[in-house]
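So you can see what is in the structure, the chains are spelled out below.
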Amino acid sequence: MVPRHLIPYLQIAHGLFNLGLFAAFVYQGRLGWLIRRSRQKGGEMDFAGVRRHRALGPILAALLPMGYLAGLVISYLDHGVWTKYPLHLAAGSLLVAAVASTWLISRKIRGVHSPWRTRHFVLGLFILILFLCQIFLGLKVLL
């Protein structure tokens with residue numbers, strides 16, 4: 001078992017990891033926005049940006065559940081229950097589901113006029129907004 005005095009440090013590490021993940025999601029969203037804007041204007045595509053966006057997406061989709069599971073384990077170690085902070089848990093669960101959905105949708109995007117592009121974009125915006133709410137809820141847990 002983890003010594004009790006280490007739990008606050010694990011909580012801070014969880015928060016910092018997910019804050020860094022949020023920064024990476026913002027970067028990913030910015031890349032996606034630039035790609036989308038360029039595609040809609042019919043301008044020259046930044047293929048390096050497209051490659052970065054495509055490469056980073058699956059990595060972020062894999063890292064987010066890791067941060068989620070770390071939060072569950074820390075909550076269980078600290079309180080003996082998984083659901084001590086139900087709003088934070090619900091937002092995190094919804095965030096994991098939204099990221100998984102976005103990744104699945106991204107696999108269906110084919111061609112310039114794919115209807116899946118708009119769904120991917122809307123879910124991406126939803127993820128960023130929900131992630132901000134999750135950060136706020138997490139700060140309420142820590143403070």
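Preceding block: the structure.
Residues numbered from 1 in each chain as written. Predicted model: local features only at pLDDT ≥ 70, side-chain atom pairs only at ≥ 80, totals over all residues. Heavy atoms only, no water.

> Just to check I follow, could you spell out the overall build of the protein chain for this structure?
On a plain count of helices and strands, the protein chain comes out with 4 helices and 0 strands. Starting at the N terminus and ending at the C terminus, the protein chain contains elements arranged as α-α-α-α. Seen along its three principal axes, the alpha-carbon backbone of the protein chain occupies a region of about 55 × 25 × 25 Å. When the 143 residues of the protein chain are sorted by exposure, 31% land in the buried category. When contacts within the protein chain are restricted to residue pairs at least 6 apart in sequence, those whose partners lie at least 24 apart make up 68%. (Helix = DSSP H or I, 4+ residues; strand = E, 2+ residues; numbered from the N terminus. Buried < 20%, exposed > 50% of the residue type's maximum accessible area, 1.4 Å probe, protein only. Contact = heavy atoms within 4.5 Å.)

> Just to check I follow, could you spell out the nonpolar core for this structure?
Taken as a class, soluble globular proteins show a tendency for nonpolar side chains to be buried jointly. The biggest cluster of nonpolar side chains holds 17 residues, and the ones touching the most others in it are L21, F25, L64, L95, V99, I127 and F131. Counting only elements with at least two residues in this core, the list comes to α1 (7–41), α2 (47–79), α3 (86–106) and α4 (116–142). Once residues within four sequence positions are removed from consideration, I127 is found in contact with F25, L95, A98, V99 and T102. (Core = buried A, V, L, I, M, F, W, Y, C linked by side-chain atoms within 4.5 Å.)

> Mind showing me how you'd approach the pattern of salt bridges here?
Should their charged atoms come close, side chains of opposite charge can pair. Summed over all chains, the structure comprises 1 salt bridge. For R4, the salt bridge is made with D78, and the minimal N-O distance between the two is 3.2 Å. Of this pair, R4 sits in the segment before α1 while D78 is found in helix α2, placing the two residues 74 residues apart along the sequence. Given the relative accessible area of 52%, R4 is considered exposed. D78 gets classed as buried once you look at its relative accessible area, which sits at 17%. (Salt bridge = Lys/Arg side-chain N within 4 Å of Asp/Glu carboxyl O.)

From the geometry alone we can't say anything about function, so treat these as descriptive.
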